[in-house]
Amino acid sequence: MTMSNVRSTSKIVRSEANDAKKVKVTYSVMANVDLKPAWLSFMLFVFVMSNFVRDAWAITSRMGTVPSFQKQQDLPSFYTATDDDINWSGRVLRNEEYMRVVFDWPGVTASFQVDENATAVTVMVDDSSLVGTRFAVFYDSPTARHRKLREFRTLRGVFSYTLADVGILGAQGLRFEPNVTISMVHTQEAQFLSNNAAVNNVTVLGFGTDGFLSRPSPSTRRLEFIGDSITAGYGADGLAPCVGSVETNNYVLTWAHALCQSLDAECFVEAYSGVGVYASYPHPGTVEVTMPERFADTLASAHQLKNMTTGGLSPGFRWKVDASTFRPDALIFNLGTNDFCCGRGENSTFVEAYAAAYYQFVSKVLEFYAVPAGTRAKDLPIRPSSRKGPARAGDEPAEAPLGAAPAPVVFLGVGPMSARYQGATRGVVERLTRRGVRAILLDLMLDPTVLMGGCLGHPTGAVHAAVAEKAFPVVEATMGWKWSDVGWGKGWWCLLRQRKVGDGAKTSCFMGDEGLNVSTSSCPVYSLRLPVPFGGFLQASK
């Protein structure tokens, strides 16, 4: 550990010590108060006990999902969150001085490769929210793609959490081997972590291991999703009747996450429940903030923070959206469900305003990612090589002829909760196409008999899987990305390995952390989709 790491850690320890001292002083002052009046004594008793009960409930309610109080292994190597060997996908606020990363958007992902000699990997999180947040951990190797290892929920304060170790891997028949990548995905939205926007973000301090971490090879495919509660995973982990919460919301169950993994793409996600492109969902007592207003925010809660101050936002809260940071191959929007709620779609003037705002928003985003003519491919963003090893093949793109880089493909999604905005959205696609943009209407509506099943009419994880199944061939064909190009399938799509068994064929199916065996009557299979009991499907192709 470097001296700068030690200094950073000592600041944390001193901060915690000062906080503890403040608490002690507070209770000492309370102890010196004259408690002769019975009513004062009773009120103090109620105050102390209410805080005790609240804190006790907050801890015990999460003991089943968070091993926070288990003693973590003493791991000799600590990589700060800003280390070059850690790859961050999604909008994060990097604090280089204190070597930490702050974020609150769903889908933010930290990934790194772990060498085969490691036995454990941990993460140190400083969670300032009131109820904690949730992460999902995934394992990728040449033989096991996108296997979900576990989920964990954080506690308020600074704690270390195990991402993977030999026990967790061994239980699923996995191990640390060459070219293993561990990914930690944030599954929650900022607005559900706290009512106080100043503390509803998450800070990652770093990662511990007894091996070596290195930056994974960059993906050649990049997607950016811009959406509302559907894309964010509101209620995807719940069953109606229920409401959105840290327990019921889950981004990794969404159609967006399934597409990212099945296409082996690096993804950025800006999704916020209740948001619209022209008019957001009308929550009583709140000011509507639309996605065009939120899009430039590094933190999803930036607008609340702005309302809490008089000086406005510091420059660090504004995301630098340009080709030097992240340039997607495709932009996948799904906005309109909230705009057309509450009967607003019956007003023709409103519909025209929605279409105009949508067109302007998409045009603005395309401007952010415009690459000037004369730019060579080598000037476009690349992933830096690990400073603990040589550059890997694929880190440096080949030099391309001079010319303007192609603009990202634009998909405008409709569904699956409502199709009321389909006509207006189709008009936006046609207008973009006339301008020369490659724009596609992405139909995400399912059969009318399919019930959403999640919280407040939102889709469950199984419904999200069906939506992904419908969107996958459209995105795959439009982008020219073949599923077979990435070998073993990822996410909801997994390769079926067959072997001859008597007159039939025995097929081993793997999906995430689930496994099952099925029999088929013929072999080989050119195209086969199989329903699975936990929702979704498996696809095989030759």
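Residues numbered from 1 in each chain as written. Predicted model: local features only at pLDDT ≥ 70, side-chain atom pairs only at ≥ 80, totals over all residues. Heavy atoms only, no water.

- As annotated in an unreviewed UniProt entry, the protein chain is Lipolytic protein g-d-s-l family from Nannochloropsis gaditana.

Remarks on the overall build of the protein chain
In step 1: What the protein chain contains, in helices and strands, is 10 helices and 22 strands.
In step 2: Considering the protein chain as a whole, with its 542 residues, one finds that 52% of them fall into the buried category.
In step 3: When contacts within the protein chain are restricted to residue pairs at least 6 apart in sequence, long-range pairs at least 24 apart make up 71% of them.
In step 4: Carbon and sulfur atoms provide 57% of the accessible area of the protein chain, an area that totals close to 24600 Å². (Helix = DSSP H or I, 4+ residues; strand = E, 2+ residues; numbered from the N terminus. Buried < 20%, exposed > 50% of the residue type's maximum accessible area, 1.4 Å probe, protein only. Contact = heavy atoms within 4.5 Å. Areas by Shrake-Rupley, 256 points an atom, 1.4 Å probe, with all protein chains shown as cover.)

Comments concerning the packing of helix α5 (residues 255-262) against helix α10 (residues 461-479)
In step 1: At their nearest, the axes of α5 and α10 sit 8 Å apart, and the two run at 45 degrees to each other. Looking at the two axes, α5 sits oblique to α10. α10 is crossed by α5, and the crossing has right-handed handedness. On α10, the residues touching Trp255, Ala258, Leu259 and Ser262 of α5 are His464, Val467, Ala468, Ala471, Phe472 and Val475.
In step 2: Per-class residue counts for the contact of α5 with α10 are eight nonpolar, two polar and no charged. (Axes fitted to C-alpha atoms, helices over the stretch in contact; angles between N-to-C directions. Parallel < 35°, antiparallel > 145°, perpendicular 65-115°, else oblique. Left-handed = near helix turned anticlockwise from the far one by under 90°. Nonpolar A, V, L, I, M, F, W, Y, C, P; charged D, E, K, R; others polar.)

Comments concerning the environment of Lys148
In step 1: Assignment of secondary structure puts Lys148 in strand β8 (residues 147-153).
In step 2: Expressed as a C-alpha distance, the spacing of Lys148 and Val137, which sit 11 residues apart in the sequence, is 6.0 Å.

Notes on the environment of Val180
In step 1: On the secondary structure map, Val180 appears in strand β10 (residues 180-186).
In step 2: Each residue touching Val180, except ones within four places of it in the same chain, is listed here: Phe112, Gln113, Val114, Tyr139, Asp140, Ser141 and Arg175.

Here we look at the state of the cysteines
Formally, a disulfide is one covalent bond, and it connects the sulfur atom of one cysteine to the sulfur atom of another.
In step 1: Taken as a whole and judged by the stated rule, the model has two disulfides.
In step 2: Through a disulfide, Cys242 is tied to Cys455; the S-S separation comes to 2.0 Å. Of note, the bridge from Cys242 to Cys455 carries an S-S torsion of about -105 degrees and is left-handed in sense. Of this pair, Cys242 sits in the loop between α4 (229-232) and α5 while Cys455 sits in the loop between β17 (439-443) and α10, placing them 213 residues apart in sequence. Cys455 shares its class with Cys242; the two are buried. (Disulfide = S-S within 2.5 Å.)

Focus: the pattern of salt bridges
In step 1: Applying the stated criterion across every chain yields a total of 11 salt bridges.
In step 2: Glu151 is paired through a salt bridge with Arg134; the nearest N and O atoms lie 2.7 Å apart. Here Arg134 lies in strand β7 (residues 134-140) and Glu151 lies in strand β8, a separation of 17 residues in the sequence.
In step 3: Its salt-bridge partner being Arg222, residue Glu266 comes within 3.6 Å of it at the nearest N-O pair. Of this pair, Glu266 sits in strand β14 (residues 266-271) while Arg222 sits in strand β13 (residues 222-227), and the two are 44 residues apart along the sequence. (Salt bridge = Lys/Arg side-chain N within 4 Å of Asp/Glu carboxyl O.)

Let's talk about the sheet that holds β13
In step 1: Reading across the sheet, the five strands line up as β14-β13-β15-β16-β17 and stay open at both edges, with parallel pairing between neighbours. Each end of this open sheet is capped by a strand with a single partner; those strands are β14 and β17. With strand direction ignored, the average angle separating the axes of adjacent strands in the sheet is 20 degrees.
In step 2: Here strand β15 (residues 330-334) pairs with strand β16 (residues 409-414) via four bridges, running parallel. For Ile332, the partnering residue across the bridge sits in β16 and is Phe411.
In step 3: Each of β13, β14, β15 and β17 touches α5; the most contacted strand, β13, lies at about 175 degrees to it. (Pairing = 2+ DSSP bridges.)

Observations concerning the environment of Arg294
In step 1: Structurally, Arg294 is set in helix α6 (residues 291-294).
In step 2: What makes Arg294 buried here is its relative accessible area of 6%.
In step 3: Within the structure, Arg294 has its side chain in polar contact with the backbone oxygen of Ala300 (distance 3.0 Å). (Polar contact = N/O pair within 3.5 Å; in protein donor to acceptor, adjacent residues only side chain to side chain.)

Some words on the packing of helix α8 (residues 348-368) against helix α9 (residues 422-435)
In step 1: Packing of α8 against α9 leaves a shortest axis separation of 9 Å and a crossing angle of 40 degrees. Classified by the angle their axes make, α8 and α9 are oblique. Relative to α9, α8 is oriented so that their crossing is right-handed. Counted together, Val351, Tyr354, Ala355, Ala356, Tyr358, Tyr359, Val362 and Ser363 of α8 and Ala424, Thr425, Val428, Arg431, Leu432 and Arg435 of α9 form the full contact between these two elements.
In step 2: Broken down by class, the residue content of the contact of α8 with α9 amounts to 10 nonpolar, two polar and two charged.

Considerations on the packing of aromatic side chains
In step 1: Enumeration according to the criterion identifies 18 aromatic pairs in this entry.
In step 2: Measuring from ring centre to ring centre gives 5.4 Å for Tyr278 and Phe350, while their planes differ by 65 degrees; the resulting arrangement is edge-to-face. Of the two residues, Tyr278 sits in the loop between β14 and α6 while Phe350 sits in helix α8, which places them 72 residues apart along the sequence.
In step 3: Judged by relative accessible area, Phe350 falls into the buried class, the value being 12%. (Phe/Tyr/Trp six-rings, centres within 6.5 Å; stacked < 30°, edge-to-face > 60°.)

A closer look at unusual backbone geometry
In step 1: With omega at 0 degrees, the peptide bond leading from Ala240 into Pro241 counts as cis.
In step 2: Topologically, Pro241 is positioned in the loop between α4 and α5.
In step 3: The linkage connecting Gly415 with the following residue, Pro416, adopts the cis geometry, with an omega of 0 degrees.
In step 4: Its location among the elements puts Pro416 in the loop between β16 and α9.
In step 5: In this structure, His146 is a non-glycine residue whose phi angle is positive, near 50 degrees.

What to know about the nonpolar core
In step 1: Formed by 74 residues in total, the largest nonpolar core has its most connected members in Trp88, Leu163, Ile182, Phe207 and Phe333.
In step 2: When residues of this core are assigned to their parent elements, the largest contribution, nine residues, is made by α8.
In step 3: Counting only domains with at least three residues in this core, you end up with domain 1 (71-217) and domain 2 (219-374 + 403-499).
In step 4: Apart from the residues within four sequence positions on either side, Phe333 is in contact with Ile226, Tyr358, Phe361, Val362, Val365, Val410, Phe411, Leu412 and Gly413.
In step 5: Core analysis: the second largest hydrophobic core is formed by 35 residues, Val252, Ala330, Val467 and Ala471 among them. (Core = buried A, V, L, I, M, F, W, Y, C linked by side-chain atoms within 4.5 Å. Domains from an automatic or database assignment.)

Considering the side chain of Thr337
In step 1: When you line up the elements, Thr337 lands in the loop between β15 and α8.
In step 2: Within the local environment of Thr337, its side chain forms a polar contact with the side chain of Tyr421, the two groups lying 3.3 Å apart.
In step 3: For Thr337, the contacting residues outside a window of four places in its chain are Asp228, Ile230, Met417 and Tyr421.

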